[in-house]
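Chain residues, written in single-letter form:
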Amino acid sequence: MIVSNNMLFSIEEGDGKGKIMVAMKDIKAGTELFVTTRPLLFLKKEYYSTFDKHGDFGIYLAAYFTFVRRLPRFNRNRYMCLFGPTAGTFADAIRLFAMNLTKVQEHASIVLVEKEVEGFVKISSIWKHNAVCTSNAGMLAVFETSSRMSHSCNPNCALEFTDLGCICRAIVPVEKAEELTLEYDSSLRYLFTQQRKQRLRELYQFDCDCDRCNSHGDDNRKFPCLSGCCKGIHMMSNLEAEDTSSVAFLIDADIGEGRGTTTALNPCTVCNLLPTTQQANGAYLQEKKIAAFIDLLKKSMGVEEFDRFSEDNCIKVLNMIDAQHLPPLHSLSGAALFIQLQVSSYLHKLDHNYHELVLKCARRYGEWLEGVNTFPSVRLIDELSGVARLL
């Protein structure tokens, strides 16, 4: 067991999880747990971009050559102790890529020898599972201490990157002996539970068993109480699904397999009203309609394609979103409102007379964030700052 200098946490063996970080005392929200000024390995954009011709695998070549050519032996040993599975879909793909590099070709710029392949796989896997984007433009890095922290979809800590390095803070009160956790990928935050679990499985090769994922209700699929006179919510049950590739499939599968029952839409969190089968199916169908609408919008107007749209087309899209009956706390509603904010921001670039419209859309999306966000205020501020950048 390794104890931190500030006696706030220890690094110890977890139950089948490798090394984990555990609080040694009660910790207040906002407490600075550690500061790491130098990463084990880092890559600057001007360097790793030189490997772009190798596509998605280029970054791993950059990490590998930095490791073997620049890292001191002590740092190499510490790096190789981090999590990086050498079996699974990613490992198989990177191994095949490396094997192809062992086949000497005329004028080849990069060639590996066979004895280097497994080392390349391990170094690449560690990089994939531990590298983070820092505050320095385009710089990627692996920090040793934060790499010991497990994932949770409802984390108690967050990383802050500065020009000096990485700072870890508690974002909620943490009890003694509680494991310290991070959210590995914030882009998954508002996915349906089964989608989020599947993406984590694909990206990091583990099955998430945090309290959010194990909850009986999916907190991204909320509906107002069906009584009409209660401030509570109904949540869809966290039922397992074999295919989570799309929201539409999830909803179709739920209905098709007879899951539109009184147990599929949970009782109200306040008055305990139990929905009827018809009400549960109605909620599923409402989700399906909104999901199809959002898919249509995304296919027809990605952010990079806004210049193809006229002012009239943008107004039409905004009105279509306004016409939708969006459940106020549902994640699909947030997706629709964010698209509305993006479209209004584009309109504002065309004509500054749309400033008030942008502010209105920003307020709507901000209110949705505040309503659904179960994360601490530091996370909400971070997301709202992203909204501000669109204005």
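This text goes with the structure placed above it.
Throughout what follows, the structure given in this document is the object of discussion. (Residues numbered from 1 in each chain as written. Predicted model: local features only at pLDDT ≥ 70, side-chain atom pairs only at ≥ 80, totals over all residues. Heavy atoms only, no water.)

### Quick word on the side chain of Ser150
Then step 1. Along the chain, Ser150 falls in strand S8 (residues 150-151).
Then step 2. Taking relative accessible area as the criterion, Ser150 reaches 9% and is therefore assigned buried.
Then step 3. Here Glu179 takes part through its side chain, which lies 2.5 Å from a polar atom of the side chain of Ser150. (Helix = DSSP H or I, 4+ residues; strand = E, 2+ residues; numbered from the N terminus. Buried < 20%, exposed > 50% of the residue type's maximum accessible area, 1.4 Å probe, protein only. Polar contact = N/O pair within 3.5 Å; in protein donor to acceptor, adjacent residues only side chain to side chain.)

### Quick notes on the packing of aromatic side chains
Then step 1. Enumeration according to the criterion identifies 16 aromatic pairs in this entry.
Then step 2. Ring centres of Tyr184 and Phe206 lie 6.2 Å apart, and the angle between their planes is 85 degrees; on these two criteria the pair is classed as edge-to-face. One end of the pair, Tyr184, is in the loop between strand S11 (181-182) and helix H6 (193-204); the other, Phe206, is in the loop between H6 and helix H7 (211-214), with 22 residues separating them in the sequence.
Then step 3. What makes Tyr184 partly exposed here is its relative accessible area of 29%.
Then step 4. Here the aromatic cluster, defined as three or more aromatic residues joined through ring pairs, consists of Tyr47, Phe51, Phe57, Tyr64, Phe65, Phe97 and Phe120. (Phe/Tyr/Trp six-rings, centres within 6.5 Å; stacked < 30°, edge-to-face > 60°.)

### Some thoughts on the sheet that holds strand S7 (residues 140-142)
In a beta sheet, neighbouring strands are held together by backbone hydrogen bonds and run either parallel or antiparallel to one another.
Then step 1. Strands sit in the order S5-S7-S6 across an open sheet of three strands; the sheet is antiparallel. Of all strands in the sheet, those with a lone pairing partner are strand S5 (41-43) and strand S6 (132-133), marking the two edges.
Then step 2. Relative to S7, S6 runs antiparallel, the two being bridged by two bridges. Its bridge partner being in S7, Cys133 is matched across the sheet by Leu140.
Then step 3. Sheet strands touched by helix H5 (residues 117-130): S5, S6 and S7. Its angle to S7, the strand with the most contacts, is close to 105 degrees. (Pairing = 2+ DSSP bridges. Contact = heavy atoms within 4.5 Å. Axes fitted to C-alpha atoms, helices over the stretch in contact; angles between N-to-C directions.)

### Brief notes about the pairing of strand S10 (residues 165-170)
For a regular strand, the rule is simple: side chains alternate between the two faces of the sheet.
Then step 1. Of all six residues in S10, five are buried; the element is thus mostly enclosed.
Then step 2. Inspection of the sheet shows strand S4 (residues 32-36) paired to S10 by four bridges, in the antiparallel sense. Note on S10: the bridge partner recorded for Val35 is Ile167.
Then step 3. Judged from the six bridges that link them, strand S9 (residues 157-162) and S10 form a sheet pairing that is antiparallel. Residue pairing in the sheet places Ala158 in a bridge with Arg169 of S10.

### Quick word on helix H9 (residues 277-300)
Then step 1. In this model, H9 (24 residues) spans 35 Å end to end at C-alpha, consistent with the 34 Å of a helix rising 1.5 Å per residue.
Then step 2. Residues Ala280, Ala283, Tyr284, Glu287, Ile290, Ala291, Phe293, Ile294 and Leu297 constitute the buried set of H9. (Expected span 1.5 Å × (residues − 1).)

### Structural notes on the sheet that holds S4
Then step 1. Sheet architecture is open: three strands sit in the order S4-S10-S9, paired in antiparallel fashion. Each edge of the open sheet carries a strand with a single partner, namely S4 and S9. Between one strand axis and the next, the sheet turns through 20 degrees on average, direction left out of account.

### Focus: unusual backbone geometry
With glycine set apart, most residues show a phi of negative sign, and most peptide bonds adopt trans.
Then step 1. Residues other than glycine seldom take positive phi values, yet Ala177 does so here, at roughly 80 degrees.
Then step 2. Relative to the helices and strands, Ala177 resides in the loop between S10 and S11.
Then step 3. With a phi close to 65 degrees, Asn272 is a non-glycine residue in the positive phi region.
Then step 4. Summarising the element assignment, Asn272 is placed in the loop between helix H8 (247-256) and H9.

### Focus: the pairing of strand S12 (residues 217-224)
Then step 1. Of all the eight residues making up S12, seven are buried; the element is thus mostly covered by neighbouring parts of the structure.
Then step 2. Where S12 and strand S13 (residues 233-237) come together, four bridges link them in antiparallel fashion. Pairing of Lys222 across the sheet is with Met235, part of S13.

### Some thoughts on the packing of helix H4 (residues 89-101) against H5
Then step 1. It is the contact of H4 with H5, at a shortest axis distance of 9 Å, that shows an interaxial angle of 135 degrees. Comparing their axes, H5 and H4 come out oblique. Classified by chirality, the crossing of H5 by H4 is right-handed. Residues Phe90, Ala91, Ile94, Arg95, Phe97, Ala98 and Met99 of H4 form the contact with H5, whose participating residues are Val117, Glu118, Phe120, Val121, Ser124, Ser125 and Lys128.
Then step 2. Residues of the contact of H4 with H5, tallied by class, amount to nine nonpolar, two polar and three charged. (Parallel < 35°, antiparallel > 145°, perpendicular 65-115°, else oblique. Left-handed = near helix turned anticlockwise from the far one by under 90°. Nonpolar A, V, L, I, M, F, W, Y, C, P; charged D, E, K, R; others polar.)

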